[in-house]
Structures are given as structure tokens and as C-alpha cells.
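Spelled out from the first residue to the last, the chains are:
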Amino acid sequence: MKKNKNYLFFITPGFVIYTIFAVIPIIYVVYLAFTNYTGMGKADFVGFENFVRIFHDDRFTPAFFNALKNNLKYLLCVWFIITPFQYFLAYFFFIKIPAYKYLKFMVFLPYVISSTVIGFFATLLFNPNIGLMNTILKSLGMRQNAWFGNPSIAFKLLVLVIMWQGAGSGIMIFYANFMDIPQEIMEACKVDGCTEWQRFTRILLPLSLPSCASIIMMSTIWALGVFDLPYILGGVNGGVGGSLDFASMVFYRYTFGSGLDAKTNLGFGSAISVIMFLFMLIVTFLQNKVLSKFEYEN
Amino acid sequence: MKMRKWMALSCAAAMVLSALPVSADEVNEDVSGSITVWEHDYSFEEPLKAVIEGFKAKYPNVEVDYEIKASDYQQVLATALQSGEGPDLFWTNGTATDIMPGYVKNGMVEDLTGAVDFSIMTEDALKLATIDEKQYSVPWLTMDSRACFYNKDIFEENGWEVPKTFSEFEELLAKIKEAGITPLSQAYGEWSLLFIWEPVMSAYDPEYTRGLDDYTSKADGPGASGSLQKLVDWANAGYFGDNWLGVINSDDMILGFTTGNAAMMVGGTWNISTIDQNNPDLNYGAFAIPAEDGTAGLVGTAANGFSINANTQNKEAAEAFAGYCASKEGQTAWVQTIGGVSASPEIESAHPVAQEISVSGGGNIFRSWQNVLTTYAKTDTADTVWSEDILKVMSGEITVDDMMTDVAAIME
């Protein structure tokens, strides 16, 4: 019996495009990680020198691990604060709390605004010289704050700003998931005399676990690569005491240099990328193991 | 026969004339095309526009577009040049940093020797453009120096005067603080901190700073550590405001001064046009921070301008533009529009504040500490060391001595 190979026609274009734009660049980055390529001129092979520097450099290593620690802190915030926040807001919209349409609009609004503009809004609020918050505190005769320049609150403020900006995406998925639950189940639940709490814990929660898994997965990848908002709010050096420093920012500083004296070091940057790639691979692999329990057969 | 001789002579004359450097004296309609120029900061937009306007009057058939790449300029430029998509002309810091020498080494910028008339340039300015006795950029004849800007209205209202000695300056800081006003608007950024540290260094220990010229003063010397400790003490005393660590960029720092929140700000002379734009009604002046013996000086160098991309498709037009930039007319347009301090006796500063700074400096020019560091460092990590450490010192993560130990470790 002749095997039908028509599927190859469908797979080939995607496979070729993916190989050119994703697989080959990854292989090229791994190659560069073993060179001293600056972005100009020749790339000389330097063996594991870049990797040794990542783990044994007096200046780079503490900064990199402090940044990784911030990434992990942020990841925990995603799991235990941001995702539950999104989930419960979506639930409140689903049960149609008063003024839910207005609230839904207000929550979704920041999501469609770019991070740069969000950063600008945050600056207008929290800038110590011209920011609204200090102006209000001053007029009330209260002590003003350095906000993002205060290492004890900078990270918390960043999480708040990210929640304000990005909550909409998760809420949208959770809300769509709730709406997708068959009406018959909800009605049967009412007829059987379920309380709201029972409806939530026995029906909504179990049936929305797959969307939880998707959101946690996407947020995790985003959390490990976060760059734009901390860069805008804390500066390229990651704020006071590295309180707003993340792995992508350390990568950026040491790969492309910072300020006017930027010196590109693509070889070293590639080595950082390889380490980050492996780190993300491990985190997502472990997470997948846990999240696979959330899935159910339709 | 006669005719042929004349033709030969005419051709020879045309060849000789075309080989001569571009002159900015007359209208030239032969050069045409379109070029793009990249600058790195919006504070240079107005002078660039003025230069382009003057150039277009001389070269009406050349279209000049400019782009201000204010964010991550060097990274964007390097990527563009590597991909062959770079602008025809672009700004670099010249030989003050390793960027332009790197481009020269890799054949990415055009050799302007002979193509551009550099006769108006001062020796200091030419140093910024010259590598192995060849010129690769056109410097600007502005003195990029740092000065203390002050709000004249606040000073008059409180009866304060411009200090004449370093201790008077410190007393003034205390008085302003007591009056409930922030003495100095300051940002928690490595460059903003460097730009206040260097003039304070020259006032705190002029002898040490003078020794930086020939490197008889080491980068980790007592003048450097003592003056940096002064900054730490001032920050702890609240002279930068109680929440200055939250001001992360120079734009916000300038806003702190132009909105009247702070009585003074130590910044670059290139900030003058930004100050004017932020608050055209601000009544302000500037002075060089004086030393204890009453003398004062300015830390700074001439500023660098544009280089030509070796891969430009419009070499003739790009060279014409570079030539115009190097002319007295082009330089005058730049210096006077930016409101900068002139580095040439042939060009007058137009802005009254720039003139005040010139007078206040008393003709004393000090070399930048950071320039010494990058020149004499034995590793290529000098910029990383000072830029990371100065932030850590100011936020209290490390001490001044820790930073000086790091500096000493990388110096020749």
C-alpha cells in the first residue's frame, strides 16, 4: 500500500521558515558563544572562556546572579500574585459584579498601550521631582519618597505597574474560558442547589485549569525575559542596588555596553544567551511536569 | 593644435580643482543626491538643523535628512553599520572612546584627510579626529565643559551670591538646604554623576587635576577620592534632595532645575539649549566651581562631530556636508545655535550663559578624569569599572576606597 505523503507539502514551508528564522540563529548563537566576536572583524575561537567568565568574574557574576534572583522573585510573583489576581478579576467579571463593564474596560485599557507609554505614565506618577505622588504627599505635608530609587519598594512598585499593565491579557483568557463552560452544566448546578462557593470550587475552578496552565506557561517565559519596564523605570544599570536588574538587562549591558562608551561583545553575549536558554528550558520543563496535571480529557 | 592644448589644460585644471578640499564659500549646484545624518541626543537637534540649513543654501541639490537616535545610539549605530544599512554620516565621540577607533580598524569610516579642509581646527579638536595622522571625523569647536548653573531669581530672592571659593560654595549649599530648597538637582546616572564629580574634583584639588594632563596624577589619587567623598557627603546631607536616587536620567535632572525645584545644577554646557527649551523664561546663569584659592577652571574638551560611513552611496554629497561642517560658517552655526562655549578664538559664543562660563573658567582647562582612565587603563573594562562603581558608591553599596582600589587595579 502506497503511503500518502501529501502532508509534506503542508509541513515544508513552515519547517523551512522555522529552520531559517529560529533553528539556524540558535545554532549560530551557540557557535558565537565560543568566540570573542565583537560584532566587527574576525571571530576567534576562545573555547569555554566566556562561560568561565560568567561564573567566575568578580564583577559580572554577582550582577548576573542578582539579576537571576530578581527574575525568580518575579516568577514567584507571577505564580502566586499576578495569576491569582487575574483569575479572580476574571471571575468577578464573569459573575457580573456591579459596574463590571466599566471595570472590564478600565482593566483592559492599559494592555493596549505600549510599555514605553506605560513607563512614561509611571514616571509621571513616581518621579521624585515632577511626579504626581510626591506632589500629593508634599501638599498633605507627608514625607516624600524616591519610589523606584528606593530599593525597599522598587521591586514591589514594578510588580504593581506590571499588574496594572498586563493583567488584561490573562483576564481575557480566563474570562473566555469561563464563558466557554457549557450552560447546561451551570444550570444543572443551579437546579441542584449549589452555593456560589460550590459552583466556583466544583465547576469553574476544575474546568478552567487548562487556561491556568497556558497563562502560567506564557507568563513564566515572559518573566524570565522581562526587560522593557524595568529598563525604563530603573535605568540600564538596574536601579539602586540592582533592585530592578534582570538577566536580560545584564545581558544587554555586557553585550552591547552601556551609555556612550558601548563596546559590543557578541561572543560573551551569546554565552549569556546560551546559559539563559538552558535555564529557561529547565524551568519550563519542570513547570510543564506540574502543569500537565491540570489537563483533562474532553 | 591650440584647441587641443587648451582642452588638455582645462582638463588638468578641472582635475586639480576637483582634488582640492571642499570650500564652503560659494553655491555648488554640481553636487547632488540625498544623505542621512545620525545624531545621538535631542540637545543637538537645533544646531544640526542650523548646519543643515546653511549647507542647503550652499548645496541646493543635496537633500539632507537627519535622525536623532536618542535611545541606545551606539548599539543602534553599530548594528546598522554591521548590516550595511548605516547612515551616510554619523556622530561618534572620536578618539575620546574606543568606538571610532574600532570602526576605523574595521574600515567602516572614510578617511577624510585631504577631502575636508581642517585648517580652522584647533590642535585639541583635531586630536579627537586623528588616528595614525589621518582624520576620520569633523570635530565641533565647542568646549564640552561642565559648569554650575544657578537660578538667578532664587539667588536674588534669598540674597545669595555666586561663591568665590570652594568653602563658600559648600556654605552656599548648606544655606540653600536650610532655606528648604534643593541645592543641586542631580540624577542617579553614571554620566550625570561623572559630570558633577569632575568639576568638583578640579575645585577640590586643582593641583591633582592639573596632574591628570600628563598622568603625573594617578586616577586613584587623593584628589579623585577626596572629591568623590565630598559628593557622598553632600548626598548624605540632602544637598541633592532627599529622593534624588529616584531621578534616573539627566532629562529629569534638568527638569528639577528648570522647574525651580532646585537652585543649582552641575551639568554640561551642551545642556544650555535644553534648559532654554524647557523653560524659556528661566533667569539663570552659570559659573565654574571655584577652588579654595579663588581660581577656577573648566573640565572638558572640544566636541566631536560626524564621520562618513565608508559604505555611503553618496560619497560626494557626504564629503560636501563634512566639508561644510568643518568650515567657519558651519562651525559658527553649530556653536552659536547650541549656545555652547566656543573652543576657537575665531568663533564667538552667542549665548550669554556660555559667555559667563568662558569668563568664569578664567582660561584654565582641566583634562577629564574619565578620559585619563580610558587612555591609561591596561584592560578594556575601564568604562565598566567607573560607571558601575560610581553608582554603587553613591548608593552606599561600596565605599570610595573600594572604588579607588578597583580603579587602581585596571590602571597602568
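(A) Expanded view of the overall build of chain A. When its secondary structure is counted, chain A shows 13 helices and zero strands. Along chain A, helices (α) and strands (β) appear in the sequence α-α-α-α-α-α-α-α-α-α-α-α-α when read from the amino end. Along the longest, intermediate and shortest principal axes, the C-alpha atoms of chain A span 85 × 75 × 30 Å. Among the 298 residues that make up chain A, the fraction classed as buried is 44%. Residue pairs at least 24 apart in sequence account for 64% of intrachain contacts in chain A once pairs closer than 6 positions are excluded. Of the roughly 16,500 Å² of accessible surface on chain A, 71% is carried by carbon and sulfur atoms. Of the charged side chains in chain A, 21 are positive and 14 negative; the average position of the first set lies 3 Å away from that of the second.

(B) Up close: the overall build of chain B. Of regular secondary structure, chain B possesses 18 helices and 13 strands. Radius of gyration (C-alpha) of chain B: 23 Å, near the 22 Å computed for a compact globule of 412 residues. Overall size of chain B, expressed as C-alpha extent along the three principal axes, is 90 × 45 × 35 Å. Here chain B, with 412 residues, has 57% of them falling under the buried criterion. Here chain B has roughly 16,900 Å² of accessible surface; of this, 48% comes from carbon and sulfur atoms. Taken as two groups, the 23 positive and 62 negative side-chain charges of chain B have centres that lie 8 Å from each other.

(C) Main features of the interface of chain A and chain B. Contacts between chain A and chain B engage 36 residues on the former and 40 residues on the latter. Between chain A and chain B, a total of about 3,000 Å² is buried, with carbon and sulfur atoms accounting for 52% of that surface. Counting the contacts that link chain A with chain B gives three salt bridges. Arg59(A) is the salt-bridge partner of Glu388(B), the closest N and O atoms lying 3.2 Å from each other. Counting every contact that joins chain A to chain B gives 11 residue pairs in polar contact (both at pLDDT 80 or more). Of all the secondary-structure elements, those providing two or more residues to the side of chain A that touches chain B are α11 (228-234) and α12 (247-256) of chain A. Class assignment of the residues belonging to the side of chain A that touches chain B gives a composition of 13 nonpolar, 19 polar and four charged.

(D) Broad picture of the pattern of salt bridges. Enumeration over the complete set of coordinates arrives at 17 salt bridges over all chains. Lys152(B) is the salt-bridge partner of Glu356(B), the closest N and O atoms lying 3.3 Å from each other. One end of the pair, Glu356(B), is in helix α15 (residues 352-361); the other, Lys152(B), is in helix α6 (residues 152-158), with 204 residues separating them in the sequence. On the accessibility criterion, Glu356(B) (25% relative accessible area) is partly exposed. A residue is classified by how much of its surface remains accessible, and Lys152(B), at 23% relative accessible area, is partly exposed. In this structure, Lys230(B) and Glu170(B) form a salt bridge, with 3.1 Å as the shortest nitrogen-oxygen distance. Placement of the pair is Lys230(B) in helix α10 (residues 222-236) and Glu170(B) in helix α7 (residues 166-178), with a sequence separation of 60 residues. Glu170(B) sits in the partly exposed class, given a relative accessible area of 22%. One network of salt bridges, in which partners are shared, links Arg59(A), Glu388(B), Asp389(B) and Asp406(B).

(E) Seen up close, helix α4 (residues 100-108) of chain A. All names here are of chain A. By the burial criterion, the buried members of α4 are Tyr100, Lys104 and Val107. One side of α4 carries all its buried residues, which in axial view fall inside an arc of 70°. Of the exposed residues in α4, the ones pointing more than 90 degrees away from its buried face are Lys101, Tyr102 and Phe105. Its buried side turned inward, α4 meets α3 (60-94) and α7 (151-180).

(F) Expanded view of the pairing of strand β8 (residues 262-268) of chain B. All names here are of chain B. β8 sits mainly inside the fold: seven of its seven residues count as buried. In this structure, strand β6 (residues 140-151) lies alongside β8, joined through five bridges in antiparallel fashion. Counterpart to Tyr150 in the pairing with β8 is Met264. As paired elements, strand β7 (residues 182-184) and β8 share two bridges and run parallel to each other. Bridge pairing links Thr182 to Ala262 in β8.

(G) A look at the pairing of strand β10 (residues 298-303) of chain B. Residue and element names in this part refer to chain B. With respect to burial, β10 is a largely interior element, five of its six residues being buried. Where β6 and β10 come together, four bridges link them in antiparallel fashion. Bridge pairing in β10 places Trp140 opposite Ala303. With two bridges joining them, β10 and strand β13 (residues 365-366) adopt parallel strand pairing. Paired with Val299 across the bridge in β13 is Phe366.

(H) Representation of a negative patch on the surface within the structure. All names here are of chain B. Where like charges cluster on the molecular surface, the negative patch consists of Glu161, Glu168, Glu171, Glu292 and Asp293. Within the element layout of this structure, Asp293 appears in the loop between β9 (284-287) and β10. Using a relative accessible area of 56% as the deciding quantity, one classes Asp293 as exposed.

(I) Expanded view of the sheet that holds strand β11 (residues 306-308) of chain B. Residue and element names in this part refer to chain B. Pairing within the open sheet is mixed, and its four strands lie in the order β2-β1-β3-β11. The sheet is open, and its two borders are formed by β2 (62-68) and β11, each paired with just one other strand. Geometrically, the sheet is characterised by an average inter-axis angle of 25° between neighbouring strands, direction not taken into account. Bridge analysis of strand β3 (residues 89-91) against β11 gives three bridges, and the strand direction is antiparallel. From the neighbouring strand, Phe90 faces β11, where its bridge partner is Ser307. Sheet strands touched by helix α13 (residues 315-326): β1 (33-39), β2, β3 and β11. Its angle to β11, the strand with the most contacts, is close to 155°.

(J) Representation of the confidence of the model for chain B. All names here are of chain B. Across chain B, the average pLDDT comes to 90, with 94% of residues at or above 70. Low pLDDT, under 50, characterises residues 14-24; the predicted model gives this stretch 16 contacts beyond four residues in sequence or across chains. On the interface metric, ipTM, the complex scores 0.85, and its pTM is 0.84.

(K) Up close: the packing of aromatic side chains. The final tally for this structure, using the stated rule, is 58 aromatic pairs over all chains. Measuring from centroid to centroid gives 6.5 Å for Tyr91(A) and Phe178(A), while their planes differ by 80°, and the two rings are edge-to-face. Of this pair, Tyr91(A) sits in helix α3 while Phe178(A) sits in helix α7, and the two are 87 residues apart along the sequence. Accessibility assignment for this pair places Tyr91(A) and Phe178(A) in one class, buried. Put simply, the rings of Tyr87(A), Phe88(A), Tyr91(A), Phe92(A), Phe94(A), Phe174(A), Phe178(A), Trp197(A) and Phe200(A) touch in pairs and so form one group of aromatic residues. Across the ring face of Tyr215(B), the terminal group of Lys218(B) is positioned such that the distance to the ring centre comes to 4.1 Å.

(L) Just unusual backbone geometry, in detail. The residue Lys96(A) is not glycine, and still its phi comes out positive at about 55°. For Lys96(A), the position within the fold is in the loop between α3 and α4.

Criteria and thresholds
- The numbers attached to residues start from 1 for each chain and follow its sequence in the written order.
- The naming scheme follows written order: chains are lettered A onward, ligands numbered 1 onward.
- Note on the predicted model: pLDDT of at least 70 is required for a residue's local features to be given, and 80 or more for side-chain atom pairs to be given and counted; whole-chain, interface and lining totals, by contrast, use all residues.
- Hydrogens are left out, water is left out, and the side-chain values use all remaining heavy atoms of the structure.
- Runs of H or I in DSSP of at least four residues are treated as helices and runs of E of at least two as strands, each being numbered from the N terminus.
- A simple rule labels every residue: compare its accessible area, found with a 1.4 Å probe on the protein chains alone, to the largest value its type can have, and call it buried under 20%, exposed over 50%, or partly exposed in between.
- By definition, residues are in contact when any of their heavy atoms lie within 4.5 Å.
- Every accessible area reported is derived by Shrake-Rupley at a probe size of 1.4 Å, with residue values counting cover from the shown protein chains alone.
- Only four residue types enter the charge count: Lys and Arg as positive, Asp and Glu as negative, with His and the chain ends excluded.
- Every charge is mapped to an atom, namely NZ of Lys, CZ of Arg, CG of Asp or CD of Glu.
- The atom set for the radius of gyration is the C-alpha atoms, and the globule formula is 2.2 Å times the number of residues raised to the power 0.38.
- Here the quantity called buried area is the total loss of accessible area, with a 1.4 Å probe, experienced by two parts when brought into contact, counted for both.
- When a carboxyl oxygen of Asp or Glu lies within 4 Å of a side-chain nitrogen of Lys or Arg, that pair is called a salt bridge.
- N or O atoms closer than or at 3.5 Å make up a polar contact, with two conditions inside protein: a donor-capable atom paired with an acceptor-capable one, and, for residues adjacent in sequence, both atoms drawn from side chains.
- Residue polarity is assigned by list, with Asp, Glu, Lys and Arg as charged and Ala, Val, Leu, Ile, Met, Phe, Trp, Tyr, Cys and Pro as nonpolar; anything else, Gly included, falls into the polar class.
- This arc describes the spread of directions from the helix axis toward the C-beta atoms.
- Two strands qualify as a pair provided that DSSP identifies no fewer than 2 bridges between them.
- Every patch collects residues that have over 30% relative accessible area and no salt bridge, joining them within 9 Å if they carry like charges and within 5 Å if they are nonpolar side chains (Val, Leu, Ile, Met, Phe, Trp, Tyr).
- For every element, the axis is a line fit to its C-alpha atoms; helices are fit only across the contacting stretch, and the angle between N-to-C directions ranges from 0 to 180 degrees.
- Scored from 0 to 100, pLDDT reflects the predictor's confidence in each residue.
- Planes of paired rings set the category: under 30 degrees apart is stacked, over 60 is edge-to-face and the rest tilted, where pairs are Phe, Tyr or Trp rings (Trp by its six-membered ring) whose centres lie within 6.5 Å.
- Think of it as a cone above the ring: NZ of Lys or CZ of Arg counts as a charge over the ring if it is within 6 Å of the ring centre and within 35 degrees of the ring normal.

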